[in-house]
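Understanding the architecture of this molecule
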Amino acid sequence: MIYNGNSPWLDRSQKLSSRFDQFLTPIAENIVKKAGKRRKEDAVQNVKTALSVILANVLRSHALHPTYGVRIDLSNDGYPEGPFNPRRLGIRSVRKVVNYLANSNPQLIHKKGGNRDKVRGFQYPTEIWISDFLKDAILTHMAQEKSTSINPSNSYSLPITRNTFGIDDYTSRYYMIFERMDLPSIRLRKGSSKSDGRFMDFEHNEETRSMETRLARYNSFMSSNAKTNLFLDDKSMVELQKSRDHNYEEFGRSDSEPPSADLAAPTRLYRVFNQGRFDHGGRFYGGWWQSIPGRYRRFITINGTPTVEVDFSGIQVAMLYAMIGQQLEGDAYAIEGFGPEFRRVVKTATLAMINAKGRIEPPHKSDLPPSVTWNDLREAIMAKHKPIAKFFGSGEGIRLQRLDSDIAADVMIRMIEKGIPVLPIHDSFIVAEGHDNELSEIMLSAYRQRMAGRTISLKRSPALLDDLLTGYPNLIPSKRHSLGMKLFLARKESPDYIGYRRREELLAESLGDRLLTIKATRPQRDAPKGQITGTGPMAAFLQFASKGIPQPLSRLWDWCLRT
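Residues numbered from 1 in each chain as written. Predicted model: local features only at pLDDT ≥ 70, side-chain atom pairs only at ≥ 80, totals over all residues. Heavy atoms only, no water.

Another aspect to go through is the nonpolar core. Counting residues in each nonpolar core, the largest one holds 80 residues, and the members touching the most others are Tyr218, Leu230, Leu377, Phe429, Leu439 and Tyr447. Counting residues per element, this core draws most heavily on helix 12 (residues 397-417), which supplies 9 residues. In terms of nonpolar packing, the next biggest core, distinct from the first, is built from 47 residues, Val58, Ile72, Ile91 and Tyr100 among them. (Core = buried A, V, L, I, M, F, W, Y, C linked by side-chain atoms within 4.5 Å. Buried < 20%, exposed > 50% of the residue type's maximum accessible area, 1.4 Å probe, protein only. Helix = DSSP H or I, 4+ residues; strand = E, 2+ residues; numbered from the N terminus.)

Here the focus is unusual backbone geometry. Across the junction of Asn105 and Pro106, the peptide omega takes the value 5 degrees, indicating a cis bond. Position of Pro106 among the secondary structure elements: in the loop between helix 3 (91-103) and strand 3 (109-117). We note that Ala452 has phi near 55 degrees; this positive angle belongs to a residue other than glycine. Considering the arrangement of structural elements, one finds Ala452 in the loop between helix 13 (436-450) and strand 14 (458-460).

At their nearest, the axes of helix 10 (residues 343-355) and helix 11 (residues 374-384) sit 10 Å apart, and the two run at 75 degrees to each other. By the angle between their directions, the pair helix 10 and helix 11 is classed as roughly perpendicular. Residues Val345, Val346, Ala349, Thr350 and Met353 of helix 10 form the contact with helix 11, whose own contacting residues are Trp374, Leu377, Arg378, Ile381 and Met382. Here the residues of the contact of helix 10 with helix 11 sort into 8 nonpolar, 1 polar and 1 charged. (Axes fitted to C-alpha atoms, helices over the stretch in contact; angles between N-to-C directions. Parallel < 35°, antiparallel > 145°, perpendicular 65-115°, else oblique. Contact = heavy atoms within 4.5 Å. Nonpolar A, V, L, I, M, F, W, Y, C, P; charged D, E, K, R; others polar.)

Take the pattern of salt bridges next. Enumeration according to the criterion identifies 28 salt bridges in this entry. With a closest N to O distance of 2.9 Å, Glu504 and Lys227 form a salt bridge. Remark: Lys227 occurs in the loop between helix 6 (206-225) and strand 7 (228-230) and Glu504 occurs in helix 16 (residues 498-521); sequence separation between them is 277 residues. Here the two residues Glu504 and Lys227 agree in accessibility, since each one is buried. One salt bridge in this structure joins Asp279 and Arg277, with 2.8 Å as the shortest N-O distance. In this structure, a network of salt bridges that share partners links the residues Glu207, Arg214, Arg271, Arg402, Asp406, Asp410 and Arg450. (Salt bridge = Lys/Arg side-chain N within 4 Å of Asp/Glu carboxyl O.)

The next thing to look at is the environment of Ala408. Within the secondary structure layout, Ala408 lies in helix 12. When the C-alpha positions of Ala408 and Pro424 are compared, they lie 7.2 Å apart, and in sequence the two are 16 residues distant. Filtering out sequence-adjacent residues up to four positions away, Ala408 remains in contact with Phe284, His426 and Phe429.

Scanning the model with the defined rule gives 14 aromatic pairs in all. Centroid distance Tyr174 to Tyr175: 5.1 Å. Interplanar angle 70 degrees. Geometry classified as edge-to-face. With a relative accessible area of 1%, Tyr174 lands in the buried category. The exposure class assigned to Tyr175 is partly exposed, which follows from its relative accessible area of 23%. Taken together, the aromatic side chains of Tyr170, Tyr174, Tyr175 and Phe178 make up a single cluster linked through ring pairs. Geometry around Tyr270 places Arg187 over its ring, the cationic atom sitting 3.5 Å from the centre. (Phe/Tyr/Trp six-rings, centres within 6.5 Å; stacked < 30°, edge-to-face > 60°. Lys NZ or Arg CZ within 6 Å of the ring centre and 35° of its normal.)

The next thing to look at is the confidence of the model for the protein chain. A low pLDDT score tells you not to read the predicted coordinates there in detail. With 80% of its residues at a pLDDT of at least 70, the protein chain reaches an overall mean of 83. Summarising per-element confidence for the protein chain, the mean pLDDT is lowest in helix 18 (residues 556-562) (32) and highest in strand 13 (residues 428-432) (98). Note that residues 245-256 has pLDDT below 50 and, in this model, 52 contacts with residues that lie over four places away or in other chains. (pLDDT = per-residue confidence, 0-100.)

Below, the structure written as structure tokens:
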């Protein structure tokens, strides 16, 4: 069953930190009492856990996208035991908490939905939003609670005013407010994302353990070495946070969240395999950069540097040619009689013919050239790719995803082995300016190794520096980079980018808290206590962060350059 809506589903891995125990305990006790149950320690603890998870979710959703709430499953079988319910939530406790919060006076949450449209076959789940009264109560507790963090200089001291908790507060205090548990990084669906898509239990083997280990390496590296941000002016950032151009599926089926940039949470990518088979699917999900609309990706920065996106050109078509021992020549989606303005519809139709079985939904007539029918387009695609025509309509695409995701995994690991953060988006990768040549070489090498020596074309998407350098044609690479960075730094200092500069400061503070927490729980054995090893700008930054950040940095980029 497909669920419609825009709000994110309840994240069962996230709850409020232990700092909120004194806040949560009396509420949990009252919920148990109101339910007419005897006060038993285990009953109170179960309700307290559900309360903590629900409040963490509505607070996070409010900060990231204020127009959204949280979708929550209240069905009888919605909380089975297993790795995707790490806090062992039970439906009884969840219902008690939701009913109590929604029916309190004053209301602590706003609630709607939970109905089913029998005619359309849709289930509209319950959605909840935090009330101003509850938000103010949580903020009051945070302001009054004395900091016991590893970094005492980073205590929480917000002025308590209505609607004060926003994205800046969320970003800077993430590790003080929330606690997360890692969900499995290798996930197997019984079906696909659109039909019977719940994750299955499976027994690990050598292959899945290897995939899990590689992902853990990547996630650990990115969590400690990559500060990702969006170089958007303040108006554009607000527009992104309010964007409503995606539909998302139920927890356990969802591959992404609404298009908001959760910059503070650590990167935790995972792989999703489909139809109960590890040779179907396997692509990576979980990065915030994957959920935002594509037009925003060129504005991603990594550690304060603009980025470049490089992708494999026509990778699924190229892999099919390689599978029959041939080399794809030219653009996979360029067809005679279809101008470049129709390349997108040709690409969409070609991939649909490879991935779908049976009938394919035709493109809108307005998307086609004049006097061209869907049948004309389909025949033109078949004629262009006659050597691989047997794969059209076969559903082969889901097996090709296993191949392209394995290539992506190779690229990710080789890049972090060089100490270079990289952000995957299925068949493309985002890397900081200046590292795109290394990325391209590794992408081509990884492809050749997996595809029996065949090669493939790469495409570099328009980048932020390209926008900034409009009017400066024919620059040599070194001049392009130096001039582009000067223009970038100049724009960063303009009044429209106050929000970006503030996010850089807050992310530096958050990274400092993260590293101090990791250091306290997993001390380094190869270095004296309190010492971080390594050289270069990132190691210097970690040394700086480990001492505690006494005050916000007004010019993080300048500091990095001095280092």
